[in-house]
Amino acid sequence: MLSRLARPAAAAALRRGLATTAQNNAKVAVLGASGGIGQPLSLLLKNSPLVSRLSLYDIAHTPGVAADLSHIETRANVKGFLGPEQLPECLKGCDVVVIPAGVPRKPGMTRDDLFNTNASIVATLTTACAKHCPEAMICIISNPVNSTIPITSEVFKKHGVYNPNRIFGVTTLDIVRANTFVAELKGLDPARVSVPVIGGHAGKTIIPLISQCTPKVDFPQDQLEKLTGRIQEAGTEVVKAKAGAGSATLSMAYAGARFVFSLVDAMNGKEGVIECAFVRSEETESPYFSTPLLLGKNGIEKNLGIGKITPFEEKMVAEAMSELKASIKKGEDFAKNFK
């Protein structure tokens, strides 16, 4: 059932974002807008008629990024905000907040190595969100997502404004990669391929459900294992290829925009919008888990769960549990002690 439901294929949401004429009044903030992901993400958001106001925040260069984007002939009103004292103003009245802020991975680093720096950044920024736009949809890109989502949840709980249906770890890049790699191997149009990716957003916690791919595809076991490994380590592939000059910024900006457009479409009343994201979950023994989600006006309308999976996929889910739980606990413990 899932793969049939999950038809909105790879590029569909992005195309919708560039072509929809629905209510089109989303007020979106990007926190970390001057960075490697933040700039191309902001460009894609500025390009969309779904967005009426684009608030850009960072600790450096945002006036320049905002000035540059404001010259683009689309109707989104762009404003730059610089430094912590301007953050409350940036967030006021926002419907969606996207957070790509933080340090990128360098060769030899795991996503977990980013924890100490990025955990503090995410805790600080989400504290401001809890105070100044507690009703907004919060979309976290900052790694390690397996820990930064629990941090966000704990921060919102602390301020008494926690709603698990409005906090998303953006794992869309894993889906985008899975769609692309499957399409390459099978000679298909990647825009028509849809592979749900469940679990988390690091290494072996990334679990592509090739068995639920639309259209249906089959691979011999050795090729399936190689493909799965490539999807799980695709971020490292980019980090190595950039040789110290950054991580996956452009593809992540595309994936982040795709997720935001899907979310805004659903908030505008479009039905049947499905995306995977790392969220509070009761689908497995892990308290947070990514599965296909039916999105609606108030965020998560329904968690569609894992669905029917193969023994190979079941084994991956089982093997991801200990790492997922450890990353989640690490995030929760950090948030509890964060002042």
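All figures in this text were calculated on a predicted structure; none of them were measured in a lab. (Residues numbered from 1 in each chain as written. Predicted model: local features only at pLDDT ≥ 70, side-chain atom pairs only at ≥ 80, totals over all residues. Heavy atoms only, no water.)

**Student:** Give a detailed account of the pairing of strand E1 (residues 26–31), specifying residues and quantitative values.
**Tutor:** Most of E1 sits inside the fold, with five of its six residues counted as buried. Summarising the sheet, E1 and strand E2 (residues 51–58) pair through six bridges and their orientation is parallel. If you follow Val28 over to E2, its bridge partner there is Leu54. Each parallel crossover has a hand, and the one from E1 via helix H3 (residues 38–46) to E2 is right-handed. Looking at chain direction, E1 and strand E4 (residues 96–99) are connected through three bridges and run parallel. When the bridges of E4 are listed, Val30 appears paired with Val98. (Buried < 20%, exposed > 50% of the residue type's maximum accessible area, 1.4 Å probe, protein only. Helix = DSSP H or I, 4+ residues; strand = E, 2+ residues; numbered from the N terminus. Pairing = 2+ DSSP bridges. Right-handed = clockwise from strand over helix to strand, strands pointing away.)

**Student:** Go over helix H7 (residues 145–158), please, and point to the residues and values.
**Tutor:** Given a rise of 1.5 Å per residue, 14 residues ought to cover 20 Å, and the 20 Å separating the end C-alpha atoms of H7 matches this to within 8%. Summarising burial for H7: twelve of the 14 residues are buried, a large majority. After H7 finishes, the residue Gly160 shows a positive phi value of roughly 70 degrees. (Expected span 1.5 Å × (residues − 1).)

**Student:** Break down the UniProt feature "binding site: substrate" (unreviewed entry) in the chain for me, citing the residues and quoting the values.
**Tutor:** The UniProt entry lists Arg105, Arg111, Asn143 and Arg177 under the feature "binding site: substrate" (unreviewed entry), expressed in the numbering used here. Considering the arrangement of structural elements, one finds Arg111 in the loop between E4 and helix H6 (115–132). Accessibility expressed as a relative area gives 10% for Arg111, which makes it buried. Contact partners of Arg111, with chain neighbours within four places excluded, come to Arg105, Asn143, Pro144, Arg177, His201, Ala202, Gly203 and Gly235. Along the chain, the position of Arg177 falls in helix H8 (residues 172–186). The residues contacting Arg177, other than those within four sequence positions of it, are Arg111, Ala234, Gly235, Val238, Ala248 and Ser251. (UniProt positions renumbered as here; feature names shortened; annotations may be inferred. Contact = heavy atoms within 4.5 Å.)

**Student:** Quick rundown of the confidence of the model for the chain? Include the residues and the values.
**Tutor:** Summary statistics for the chain give a mean pLDDT of 93 and a share of 93% for residues scoring 70 or more. The spread of mean pLDDT over the elements of the chain runs between helix H1 (residues 2–5), the lowest at 41, and strand E6 (residues 167–169), the highest at 99. The low-confidence segment residues 1–11 (pLDDT under 50) makes 31 contacts with residues lying over four places distant or belonging to another chain. (pLDDT = per-residue confidence, 0-100.)

**Student:** Talk me through the UniProt feature "active site" (unreviewed entry) in the chain; I want residue IDs and the actual numbers.
**Tutor:** In this numbering, the UniProt entry assigns the feature "active site" (unreviewed entry) to His201. Residue position: His201 is located in the loop between strand E7 (197–199) and strand E8 (206–208). Not counting residues within four places of it along the chain, the set of residues in contact with His201 comprises Arg111, Asn143, Val145, Asn146, Val170, Thr171, Asp174 and Ile206. A distance of 2.7 Å separates polar atoms of two side chains, one belonging to His201 and the other to Asp174. (Polar contact = N/O pair within 3.5 Å; in protein donor to acceptor, adjacent residues only side chain to side chain.)

**Student:** Could you give me a rundown of the packing of H6 against helix H12 (residues 311–337), with the residues and numbers involved?
**Tutor:** H12 packs onto H6 with a crossing angle of 55 degrees between their chain directions and a minimal axis gap of 11 Å. Comparing their axes, H12 and H6 come out oblique. Here H6 and H12 pass one another in a crossing that is right-handed. In this structure, H6 contributes Phe115, Ala119, Ser120 and Ala123 to the contact, and H12 contributes Lys330, Gly331 and Phe334. Classifying every residue of the contact of H6 with H12 gives four nonpolar, two polar and one charged. (Axes fitted to C-alpha atoms, helices over the stretch in contact; angles between N-to-C directions. Parallel < 35°, antiparallel > 145°, perpendicular 65-115°, else oblique. Left-handed = near helix turned anticlockwise from the far one by under 90°. Nonpolar A, V, L, I, M, F, W, Y, C, P; charged D, E, K, R; others polar.)

**Student:** I'd like to hear about the domain arrangement of the chain, residue by residue, with values.
**Tutor:** According to the domain assignment, the chain consists of domain 1 (26–170) and domain 2 (172–327). Using only C-alpha atoms to locate each centre, domain 1 and domain 2 end up separated by 21 Å. Of the residues lining the interface, 35 residues belong to domain 1; the matching set on domain 2 comes to 43 residues. Interface area, domain 1 with domain 2, both sides summed: about 3,200 Å², of which 69% is carbon and sulfur. The interface formed by domain 1 and domain 2 includes zero salt bridges. Between domain 1 and domain 2 we count eight residue pairs in polar contact (both at pLDDT 80 or more) in total. When residues of the side of domain 1 that touches domain 2 are traced back to their parent elements, those giving at least two are H3, E4, strand E5 (137–140), H7 and E6. Considering every element that reaches the side of domain 1 that touches domain 2, the biggest residue donor is H7, with six residues. (Domains from an automatic or database assignment. Buried area = accessible area lost by both parts, 1.4 Å probe. Salt bridge = Lys/Arg side-chain N within 4 Å of Asp/Glu carboxyl O.)

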